[in-house]
Amino acid sequence: MICNIKISALLLAAFFLITATMAPLPANAGTTTACHCFRQRSYDPEAKFAADDYLLATCFNSLTARSFNISKRQIIMLKMKGGFHQDDLLIGLRLSRDFSLDLQELVSLRQQGYPWKDIVSKFKQLSGVSGNTLLDGIRTGKPTTELGQEVADAMVADFYGISKGKVKKLRDIGFDAKKTTLLFLLVHTARVKPDEIVNRVRHKGESWSEIAHDFDISPAMAGKLIENYQIN
């Protein structure tokens with residue numbers, strides 16, 4: 001009798017342990033486009049900064065996708081599902097485009113922990129290449145964050161047809177590549193001067209989604225505007 005009770009208790013404990021590990025996932029756990037990181041995707045005047053992260057991210061992802069001929073979905077998969085940092089992704093995309101390297105191979109090597117200096121040394125077709133700013137920076141051991149910023153700044157400058165010096169000046173006052181991407185989208189769409197946007201952000205304390213809302217640009221619309229942007 002005592003033995004049966006012990007067995008029943010053990011079976012009951014095992015049942016609760018199994019059911020606990022089978023708890024349902026959140027509704028958005030299996031999706032790539034509905035990342036739970038961005039809970040606010042539309043402008044709310046009562047929480048004017050709430051949609052900024054989504055607005056900036058979707059614009060930059062759209063620009064990256066268009067600049068490197070990669071799907072936005074794949075970018076999101078690499079960042080959110082693969083845990084791939086933005087700087088690493090930009091470096092990989094640039095190397096893949098400039099030297100016709102397999103992006104997945106670059107990603108795989110980086111995810112295994114290889115530094116970029118070791119990664120580029122594995123490709124024989126790169127051994128005789130010189131004079132490439134990114135490749136030279138990798139070989140000299142420049143930090144990944146700096147390399148990623150340089151790729152991002154060049155991407156913004158090339159897309160909008162502006163000088164890299166102008167992009168760098170904006171970065172120096174706190175406008176990273178995501179903010180610069182949106183800034184020049186607003187400039188070209190609303191036909192305003194960059195200084196007007198800079199002033200509203202830095203001195204008037206307005207949010208990015210608030211400014212975009214004033215120009216009738218919703219966060220969901222902004223990415224589409226970049227995808228359909230007519231490059232002069």
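Our subject is the structure that appears above.
Below or above, wherever it landed, is the structure these notes cover. Quantities reported herein were computed from a predicted structural model and do not represent experimental measurements.

Reading the values: rules and limits
- Residues numbered from 1 in each chain as written.
- Predicted model: local features only at pLDDT ≥ 70, side-chain atom pairs only at ≥ 80, totals over all residues.
- Heavy atoms only, no water.
- Core = buried A, V, L, I, M, F, W, Y, C linked by side-chain atoms within 4.5 Å.
- Buried < 20%, exposed > 50% of the residue type's maximum accessible area, 1.4 Å probe, protein only.
- Contact = heavy atoms within 4.5 Å.
- Helix = DSSP H or I, 4+ residues; strand = E, 2+ residues; numbered from the N terminus.
- Arc of directions from axis to C-beta.
- Axes fitted to C-alpha atoms, helices over the stretch in contact; angles between N-to-C directions.
- Parallel < 35°, antiparallel > 145°, perpendicular 65-115°, else oblique.
- Nonpolar A, V, L, I, M, F, W, Y, C, P; charged D, E, K, R; others polar.
- Salt bridge = Lys/Arg side-chain N within 4 Å of Asp/Glu carboxyl O.

Glancing now at the nonpolar core. With 59 residues, the main nonpolar core has L95, Y160, L183 and W208 as its most contacted residues. The residues touching L95, leaving out its near neighbours within four places in the chain, are S100, L101, L106, W116, V120, L134, L135 and I138.

For helix α11 (residues 194–202), the set of buried residues is I197, V198 and R200. For α11, the angular spread of the buried residues around the axis is 165°, confining them to a single face. At its buried positions, α11 is contacted by α9 (164–172), α10 (177–190) and α12 (208–214).

To continue, consider the packing of α10 against helix α13 (residues 219–227). Packing of α10 against α13 leaves a shortest axis separation of 11 Å and a crossing angle of 80°. As far as their axial angle goes, α13 and α10 are roughly perpendicular. From α10, T181, L185 and T189 reach across to α13, where they touch A222, L225 and I226. Among the residues forming the contact of α10 with α13, the class breakdown is 4 nonpolar, 2 polar and no charged.

Let's shift gears to the pattern of salt bridges. Where charged atoms from two side chains of opposite charge come close, those side chains can pair. One pass over the full model with this rule turns up 10 salt bridges. Among the salt bridges present, the one from D98 reaches R94, with a minimum N-O distance of 2.9 Å. Pair noted here: D98 and R94 are both in helix α4 (residues 86–99), with a separation of 4 residues, about one helical turn. For D98, a relative accessible area of 30% puts it in the partly exposed group. Here E206 and R200 are joined by a salt bridge, their closest N and O atoms 2.7 Å apart. Residues E206 and R200 agree in their burial class; the two are buried. Where salt bridges share partners, they join R94, R97 and D98 into one cluster.

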